[in-house]
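Chain and residue survey
Spelled out, the chains give:
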Amino acid sequence: MEPQADIGLIGLAVMGQNLALNIADNGHRVAVFNRSAERTRAFVDSPEAKGRPIIPTYDLAELVKAIKKPRAIIMMVKAGDPVDQQIDQLLPLIEPGDILVDGGNALYQDTIRRESALRQQGIRFIGTGISGGEEGARNGPSIMAGGEADALGRVAQIFEAIAAKVDDESCYAHIGSDGAGHFVKMMHNGIEYADMQLIAEAYALLKGPAALSHLEMRDIFASWNKGELDSYLIEITADILGKNDPETGRPMVEVILDRAGQKGTGGWAVRAALDYGSTAPTIAAAVEARTLSSMKTERVTAATRLGGPDPSQGLDHRTVIDQLELALLASKVCAYAQGFAVMDAAAAEHGWTLNKAEIASIWRGGCIIRARFLRHIRAAYQRDPKLPNLMLDPYFAELLERAQPAWRNIVTLGLQQGLPLPAFSSALAYYDGYRSATLPANLIQAQRDYFGAHTYERIDQEGTFHTDWSE
Ligand code: 6PG
């Protein structure tokens, strides 16, 4: 039989299934394969898959045979070793010119290694970040592809078609060579962590100092979602706060244990900032806040031993709410500024030419951090593609200055109340640090020179200097 499928897909967990349905809906024949045949059977027999151009296959050779040449295969398997194993199993079956897409959350260094190894064998490897969760995969994710631009072949058209659309523009982009797509997806996730932590801190302030009910909080998030904060994460937070636990009747969020999980991509983003000499303090604060949250038992003990301030009374709720909206927006700008700055630093090291306006553009839809204000980020990088930091764009500089008084009040409120606001306060410190023409780093240099003769530079002469501090 002649090969029929335009593309193959391996891995029928929820993301893989939804992606296959999305590809089929866009008129492309997709051959699917899963390690367990039952899952493949159950999927192709499901009402969603029935009648769609989805071809089940039950071993890898059958899958490969079903795809038109040059073959394109998307792997939706768990990041890490499973990807290498999958590639090893496919290699004897595919041939030079074929395209392998890794659609998982791979570590970008792994993608660089795999791309290079496969290129030697004539296989085109496309490491692709796909964001949007289950719903995005089904109805339109944001797609960040990496690899040689001319290696994408027909995969580019398929990605273009299945991605989310905003104002008729597809949320798909070819980001750059080798690991660039997965790198940018990783920074997306870092920003996602920061966004989520900022929202969680806002919830803590509304619930604690502002003492609002869950329905009041839901309404506040819903109203914020109509303004500049309009975003997927604010929208789902309103939904979450409005939901009650069917078993106890309590707000659902209050029966959920306060111990946050993480699969590691946020931490990778922070490591990248360190590796490339950039800074991402708000992303780091978000990762660390999750880690601290996971120390539940220790925290419960410490709560009985370590004191804090007495919570103040008589706070003006309206003021807190209004100030919080501005503080959240300003902190969010800082988290994005950090994420884009890390991308710049990495791009310089890896020789990627990242189009930041395009990255902002494809994040406007489909992905978890989709937000209205990304259009302003796009505009900022369109105005100046070489902008050293997003905060320097006139739109954002004005926003940050306008938000400043409220932002400082919110951070102060947290300090006074003993309520931890690591993301809000790290964002503010980032802003204050970045706008400081002078920092106390001169003293650090003096200390380094004092104890280790590490030398220092002077403000008034060229060269490196050492002082004999004992004299
Ligand atoms: C996305 C998400 C997705 C995943 C996160 C969750 O863009 O669709 O980022 O990739 O939900 O990786 O990560 P944690 O489990 O670490 O929160």
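See above for the structure.
Since this is a predicted model, take the numbers as computed values, not measurements.

Quick word on a nonpolar patch on the surface
The grouping of Y450, F451 and W469 at the surface amounts to a nonpolar patch, some 400 Å² of accessible area in total. Along the chain, Y450 turns up in helix α19 (residues 441-452). On the basis of relative accessible area, Y450 is assigned to the exposed category, the value being 58%.

A closer look at the nonpolar core
Ranked by internal contacts, the top residues of the largest apolar core, which has 95 residues, are F183, W224, W363, I377 and W407. For this core, the element with the highest residue contribution is helix α14 (residues 317-350), accounting for 18 residues. Residue contacts for W224: discarding those within four places in its chain leaves A202, L206, L229, D230, I234, I321, L324, E325 and L328. L12, V44, V155 and F159 belong to the second-largest nonpolar core, a separate cluster that totals 33 residues.

Some thoughts on the pairing of strand β1 (residues 7-10)
Of the two faces of β1, the one carrying I7 and L9 and the one carrying G8 and I10 are both buried. Two strands pair when backbone bridges link them, and β1 and strand β2 (residues 30-33) are joined in this way by 4 bridges, in the parallel orientation. Each bridged residue has a counterpart across the sheet, and for I10 the counterpart in β2 is F33. Of the crossover connections in this fold, the one passing from β1 over helix α1 (residues 14-25) to the parallel β2 is right-handed. Relative to strand β4 (residues 72-75), β1 runs parallel, the two sharing 3 bridges. Directly across from I10, in β4, lies its bridge partner M75.

Observations concerning helix α16 (residues 374-383)
Of all the residues in α16, the buried ones are L374, H376, I377, R378, A380 and Y381. Each element contacted by the buried residues of α16 is listed here: β9 (169-170), α14, α15 (356-362) and α17 (394-417).

Section: the site of the ligand
Neighbouring the ligand are 14 residues; N105, S131, E192, Y193 and K263 lie closest to it. The backbone of G132 places a nitrogen or oxygen atom 2.9 Å from an oxygen atom of the ligand. Contact distances for the ligand include 2.9 Å between an oxygen atom and a side-chain N or O atom of K185. Coverage of the ligand by the protein amounts to 81% of the 410 Å² it exposes when considered alone. Using a 2 Å cut-off from the grid points, one finds that the ligand occupies the second largest pocket. Per element, the largest residue contribution to the shell around the ligand is 5 residues, and it comes from helix α8 (residues 180-207).

Here's the deal with unusual backbone geometry
Between K69 and the following residue, P70, the backbone shows a cis peptide bond with an omega angle of -15 degrees. Within the secondary structure, P70 is located in the loop between α3 (60-66) and β4. One non-glycine residue, D167, lies in positive phi territory at about 50 degrees. Mapped onto the secondary structure, D167 falls in the loop between β8 (165-166) and β9. Overall, D167 belongs to the exposed group, its relative accessible area being 63%. Backbone geometry at A453 places phi at a positive 50 degrees, although glycine is not the residue there. For A453, the position within the fold is in the segment after α19.

Quick word on the packing of aromatic side chains
For the coordinates displayed, the defined rule picks out 15 aromatic pairs. When the ring of F221 is compared with that of W224, the centres are 5.1 Å apart and the planes differ by 70 degrees; the resulting orientation is edge-to-face. Here F221 and its partner W224 are both found in helix α9 (residues 214-224), 3 residues apart, which amounts to about one turn of the helix. The exposure class of F221 is buried, given its relative accessible area of 0%. Arranged with centres 4.8 Å apart and planes meeting at 85 degrees, the rings of Y336 and F373 form a pair that is edge-to-face. Taken together, the positions of Y336 in helix α14 and F373 in the loop between α15 and α16 put the pair 37 residues apart, joining distant regions of the chain. Here Y336 and F373 have matching classes, each one buried. Through pairs of rings, three or more aromatic residues link up here, namely Y108, F183, Y276 and W352. Across the ring face of Y232, the terminal group of R370 is positioned such that the distance to the ring centre comes to 4.1 Å. A cation sits over an aromatic face here: R458 above F465, 5.8 Å from the ring centre.

About the cut-offs
- Residues numbered from 1 in each chain as written.
- Predicted model: local features only at pLDDT ≥ 70, side-chain atom pairs only at ≥ 80, totals over all residues.
- Heavy atoms only, no water.
- Patch = residues over 30% accessible without salt bridge, like charges linked within 9 Å, V, L, I, M, F, W, Y side chains within 5 Å.
- Areas by Shrake-Rupley, 256 points an atom, 1.4 Å probe, with all protein chains shown as cover.
- Salt bridge = Lys/Arg side-chain N within 4 Å of Asp/Glu carboxyl O.
- Helix = DSSP H or I, 4+ residues; strand = E, 2+ residues; numbered from the N terminus.
- Buried < 20%, exposed > 50% of the residue type's maximum accessible area, 1.4 Å probe, protein only.
- Core = buried A, V, L, I, M, F, W, Y, C linked by side-chain atoms within 4.5 Å.
- Contact = heavy atoms within 4.5 Å.
- Pairing = 2+ DSSP bridges.
- Right-handed = clockwise from strand over helix to strand, strands pointing away.
- Near = heavy atom within 4 Å.
- Polar contact = N/O pair within 3.5 Å; in protein donor to acceptor, adjacent residues only side chain to side chain.
- 1 Å grid on protein atoms, 1.4 Å probe; cavity = no way out; pocket = protein on both sides within 12 Å on 5 of 7 lines; lining within 4 Å.
- Sits in = over half its atoms within 2 Å of the grid points.
- Phe/Tyr/Trp six-rings, centres within 6.5 Å; stacked < 30°, edge-to-face > 60°.
- Lys NZ or Arg CZ within 6 Å of the ring centre and 35° of its normal.

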